[in-house]
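Report on the structure
For reference, the chains in residue letters:
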Amino acid sequence: MNILHLDENHSLLIHQFAALGHTNEEDYTSTKAEIEAKIHNYDGFIIRSRFKIDAEFLAKATNLKFIGRVGAGLENIDCEFAATKGIKLISAPEGNRNAVGEHALGMILSLFNKFNKADREVREGKWLREANRGVELDGQTVGIIGYGNMGKAFAKKLRGFDVEVLFYDLKENIADENATQVSLSELQKRATVVSLHTPQTPLTMNMVNKEFIAAFQHNFWFINTARGKSVVTQDLVAALQSGKIVGAGLDVLEYEKSSFENLFNDNQMPTAFQYLIKAENVLLSPHVAGWTKESKEKLAQTIVDKFKVHFH
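Residues numbered from 1 in each chain as written. Predicted model: local features only at pLDDT ≥ 70, side-chain atom pairs only at ≥ 80, totals over all residues. Heavy atoms only, no water.

**Here we look at the overall build of the protein chain**
On a plain count of helices and strands, the protein chain comes out with twelve helices and twelve strands. A principal-axis box enclosing the C-alpha atoms of the protein chain has dimensions of 65 × 45 × 35 Å. The buried share of the protein chain, taken over its 312 residues, is 48%. Considering only contacts within the protein chain whose residues lie at least 6 apart along the sequence, 60% involve residues at least 24 apart. As presented, the protein chain carries roughly 15,300 Å² of accessible surface, and 49% of it is formed by carbon and sulfur atoms. (Helix = DSSP H or I, 4+ residues; strand = E, 2+ residues; numbered from the N terminus. Buried < 20%, exposed > 50% of the residue type's maximum accessible area, 1.4 Å probe, protein only. Contact = heavy atoms within 4.5 Å. Areas by Shrake-Rupley, 256 points an atom, 1.4 Å probe, with all protein chains shown as cover.)

**Quick look at the packing of helix 5 (residues 93-112) against helix 7 (residues 149-157)**
Where helix 5 meets helix 7, the axes come as close as 8 Å, and the angle between the chain directions of the two elements is 50 degrees. Classed by the angle they form, the pair helix 5 and helix 7 counts as oblique. Helix 5 and helix 7 meet at a crossing whose hand is right-handed. Here Pro-93, Glu-94, Asn-96, Arg-97, Asn-98, Val-100, Gly-101, Glu-102, Ala-104, Leu-105 and Ile-108 of helix 5 lie close against helix 7, whose contacting residues are Asn-149, Met-150, Ala-153, Phe-154 and Lys-157. (Axes fitted to C-alpha atoms, helices over the stretch in contact; angles between N-to-C directions. Parallel < 35°, antiparallel > 145°, perpendicular 65-115°, else oblique. Left-handed = near helix turned anticlockwise from the far one by under 90°.)

**Section: the pairing of strand 2 (residues 23-26)**
Summarising the sheet, strand 1 (residues 2-5) and strand 2 pair through four bridges and their orientation is parallel. By the bridge assignment, Asn-2 is partnered in strand 2 with Thr-23. (Pairing = 2+ DSSP bridges.)

**Brief notes about the packing of aromatic side chains**
Evaluation of the coordinates by the stated rule reveals twelve aromatic pairs. Between the aromatic rings of Phe-17 and Phe-66, the centroid separation amounts to 6.3 Å while the plane-to-plane angle is 40 degrees, which identifies the pairing as tilted. In this pair, Phe-17 is assigned in helix 1 (residues 12-19) and Phe-66 in strand 4 (residues 66-69), connecting sequence segments 49 residues apart. Note on accessibility: Phe-17 and Phe-66 belong to one class, buried. Ring centres of Phe-66 and Phe-311 lie 5.7 Å apart, and the angle between their planes is 50 degrees; this geometry places the pair in the tilted category. Of this pair, Phe-66 sits in strand 4 while Phe-311 is found in helix 12 (residues 293-311), placing the two residues 245 residues apart along the sequence. Taking the relative accessible area as the measure of exposure, Phe-66 reaches 0% and is therefore buried. Chaining the aromatic ring pairs together yields one cluster made of Phe-17, Phe-66, Phe-307 and Phe-311. (Phe/Tyr/Trp six-rings, centres within 6.5 Å; stacked < 30°, edge-to-face > 60°.)

**What about the nonpolar core?**
Residues Leu-196, Val-208, Phe-222, Ile-245, Leu-250 and Leu-276 are the most contacted members of the largest nonpolar core, which totals 30 residues. For this core, the element with the highest residue contribution is helix 10 (residues 233-242), accounting for four residues. Apart from the residues within four sequence positions on either side, Leu-196 is in contact with Ile-145, Met-207, Val-208, Phe-222, Ile-223, Asn-224, Thr-225, Ala-226, Ser-230 and Val-231. Formed by 21 residues, the second largest nonpolar core is a distinct cluster that contains Ala-104, Ile-108, Val-163 and Val-193. (Core = buried A, V, L, I, M, F, W, Y, C linked by side-chain atoms within 4.5 Å.)

Next up, the structure:
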């Protein structure tokens, strides 16, 4: 096959495809229109999040047999149209699930112990011990929403803590030794920590809104390492201001562009985001929960391994 690489990834992708007898071409700079003009020359392409793969683009890819998306989600690809064209979609949630699980746990521990606040204060010459008294994770009830690769990896990381782990998922009967499956209402009744691990779909868009938040019986800590557009930031900020959400760890934000490489759709900073960047009980990271040195290699290897299953 003739394979086009549209984003830079781990070098093993190109090396292993070549070893399998395929031709690799790299184009990391051409515009989408320029790629569309030549995409008919390729049997497959590898992309991370550079641009949206819509029906118009796929219609011009007349020889396309597969798309490899070096990441977990496929929301940037018109999956239904690809299916009508017989194009195989290959993603790699297995490749960065451990990284996401560790990142989510790190965010919780940092928030509970006020690491970011305490670190900044000590650097400023402030030695405020009582003001930085922490909270222990043991004894909490952790509610995981979405129990796929990421949710399961996070639950596994919690095994060393004396916590109750619950999860809600649309799929039934998928509980394991690390978590108990419950209804959403049951999770909202019991959870004191909530971690979001859902894909971006029409069902999850704006899912975490004021009604969703108000349904929780307890004040709770909130972690989002999934997709920013699943959360209505304005409603999240209102809950932080009222104390309903005790603190939040956000690796993703609704203001990100669809490529996930940039934060804003324009140059204006939303009022809600202005609050988040000043709040001491909010921890922010730039959509890197799944980005570790190890996951970069594991994501690429997962794509090759799945490709071999289908085409070799």
